[in-house]
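Fold and geometry: a report
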Amino acid sequence: MAIVLGPNQYGKAQNHLVRVYRDTPRHEIRDLTVSSALRGDFAGAHIEGDQSDVLPTDTQKNTIFSFAKEKGIGAIEDFAVTLADHFLDRTPAADGARIEIDETPWQRIPVGGKGHDHSFVQTGVGTRTTVVNVDGRGGERRAHVVSGIKNLTVLKSTGSEFHGFLKDSYTTLPETDDRILATSLVARWRYDHTDVAWDESYESIRDLMLEQFAEIHSYALQQTLYGMGHAVLEKHPEVAEIRLSAPNKHHFLVDLSPFGVDNPHEVFYAADRPFGLIEASVLRDDASDPGSAWHAVPGWV
Ligand SMILES: O=c1[nH]c(=O)c2[nH]c(=O)[nH]c2[nH]1
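Residues numbered from 1 in each chain as written. Predicted model: local features only at pLDDT ≥ 70, side-chain atom pairs only at ≥ 80, totals over all residues. Heavy atoms only, no water.

An unreviewed UniProt entry annotates the protein chain as Uricase of Amycolatopsis viridis. In UniProt, the protein chain has this text filed under Sequence similarities (unreviewed entry): "Belongs to the uricase family." (UniProt positions renumbered as here; feature names shortened; annotations may be inferred.)

This is the structure we're talking about:
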């Protein structure tokens, strides 16, 4: 029996970077949380304590902040690929790089009927995310992009039913043909290639998922998720597969009858836990090989 080093990676997690573009009095801001990780032959560092192959996580952090000025940011997917390529160039022992970016949206504060030049408020819809894994060195290099959205909190006050489910001696849940359906969705989709108009694709997928959530008459959160994923694949040939994770944020009708008060689906107790957790993937049956695309992507896999 031998004890050996298993898979490993290292980098700087959650560099919170705010970039102000102030070329004119009307500023633009970008708010990113960037995590880097390198993988490859780092046995020396783990087994001998030999740092000669290690590009320090501190250097990775400095690079991330400096590139925000040197290169600008653009779409988070492009920024992630640029960083991954750079770290692979600078670290000969690495044969893979992973860059994860979350972007918090800021909007201009409306003042006098228009957005203020340099004051912002967080009212955005969801957090945009990407995880880019670049594999290989030199000409063999291949980038895998999994982008997505999280914290997309949505609710419909009717148009949701849940009945006909399996019952056993522990079942107490009443059947319903009218309930609140609410979730805080995480969706991540794998791009088939990297020749993508990232911003347009993201906005279109987000808006389509919201529209589907609103329009699907739901018989279960499972069916809503499948419908949302199906619509994305139908409209977006650049997407190979999508994974959705949705807590069922239960809203229980409050019994007001002890007080002689009728409650026809109007007053609910919004429970924060426990919650049902419904997760599904939707993919093309001829989807391309994912390679390392889902490597260390947060959430279920
Ligand atoms: O949409 C739902 N799916 C379930 O699987 C489930 N289970 C449950 O108790 N309520 C719900 N709702």
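Here's the deal with the packing of helix α2 (residues 57-70) against helix α3 (residues 76-90)
In the contact formed by α2 and α3, the axes pass within 11 Å of each other and the chain directions differ by 135 degrees. When the interaxial angle is binned, α2 and α3 end up oblique. Crossing angle aside, the handedness with which α2 passes α3 is right-handed. Touching Q60, T63, I64, F67 and A68 of α2 are F79, T82, L83, H86 and F87, all from α3. Taken together, the residues of the contact of α2 with α3 sort by class into six nonpolar, four polar and no charged. (Axes fitted to C-alpha atoms, helices over the stretch in contact; angles between N-to-C directions. Helix = DSSP H or I, 4+ residues; strand = E, 2+ residues; numbered from the N terminus. Parallel < 35°, antiparallel > 145°, perpendicular 65-115°, else oblique. Left-handed = near helix turned anticlockwise from the far one by under 90°. Contact = heavy atoms within 4.5 Å. Nonpolar A, V, L, I, M, F, W, Y, C, P; charged D, E, K, R; others polar.)

Things to note about the site of the ligand
Neighbouring residues of the ligand: F162, L173, R179, A220, L221, Q222 and N248. Between R179 and the ligand, the recorded distance is 2.9 Å, taken from a side-chain N or O atom to an oxygen atom. With respect to the ligand, the backbone of L221 contributes an N or O atom lying 2.7 Å from an oxygen atom. Considered on its own, the ligand offers 300 Å² of accessible surface; in the complex 71% of this is hidden by protein. (Near = heavy atom within 4 Å. Polar contact = N/O pair within 3.5 Å; in protein donor to acceptor, adjacent residues only side chain to side chain. Areas by Shrake-Rupley, 256 points an atom, 1.4 Å probe, with all protein chains shown as cover.)

Focus: the packing of helix α4 (residues 198-215) against helix α5 (residues 221-235)
Two quantities define a packed helix pair, namely the angle between the helix axes and the distance between the axes. Contact pair α4 / α5: the axes reach a minimum separation of 9 Å and the direction vectors enclose 140 degrees. Judged by the inter-axis angle, α4 sits oblique to α5. Crossing geometry of α4 relative to α5 is assigned as right-handed. Contacts between α4 and α5 pair S204, I205, L208, M209, Q212 and F213 from the former with T224, G227, M228, A231, V232 and K235 from the latter. Looking at side-chain class alone, the contact of α4 with α5 contains seven nonpolar, four polar and one charged residues.

Describing a nonpolar patch on the surface
Residues I109, V111 and V121 make up a contiguous nonpolar surface patch of about 200 Å² in total accessible area. With respect to the secondary-structure elements, V111 resides in strand β4 (residues 107-111). Judged by its relative accessible area of 46%, V111 falls in the partly exposed class. (Patch = residues over 30% accessible without salt bridge, like charges linked within 9 Å, V, L, I, M, F, W, Y side chains within 5 Å. Salt bridge = Lys/Arg side-chain N within 4 Å of Asp/Glu carboxyl O. Buried < 20%, exposed > 50% of the residue type's maximum accessible area, 1.4 Å probe, protein only.)

Overview of α5
For α5, built from 15 residues, the straight-helix expectation of 21 Å at 1.5 Å per residue is met to within 8% by its first-to-last C-alpha distance of 21 Å. Three or more residues of α5 are buried, namely L221, T224, L225, G227, M228, G229, A231, V232 and L233. Where α5 is buried, its residues contact β8 (181-191), α4, β9 (239-248) and β12 (276-283). (Expected span 1.5 Å × (residues − 1).)

Structural notes on the nonpolar core
If you look at the biggest cluster of nonpolar residues, it comprises 55 residues, and the most contacted ones within it are L185, W189 and M209. If you tally residues by element for this core, the top one is α3, at eight residues. Mapping this core onto the domain boundaries places at least three of its residues in each of domain 1 (9-140) and domain 2 (152-291). Judged by nonpolar contacts, the second largest core, of five residues, contains V131, A293, W294 and V297. (Core = buried A, V, L, I, M, F, W, Y, C linked by side-chain atoms within 4.5 Å. Domains from an automatic or database assignment.)

Here we look at the packing of aromatic side chains
Taken as a whole, this structure holds four aromatic pairs when the rule is applied. Taken together, a centroid distance of 5.2 Å and an interplanar angle of 80 degrees make the contact between Y10 and F42 edge-to-face. In this pair, Y10 sits in the segment before β1 (15-21) while F42 sits in the loop between β2 (28-40) and α1 (43-48), placing the two residues 32 residues apart along the sequence. F42 shares its class with Y10; the two are buried. Judged by centre distance (4.9 Å) and plane angle (75 degrees), the rings of Y191 and W198 are edge-to-face. Like W198, Y191 is buried. (Phe/Tyr/Trp six-rings, centres within 6.5 Å; stacked < 30°, edge-to-face > 60°.)

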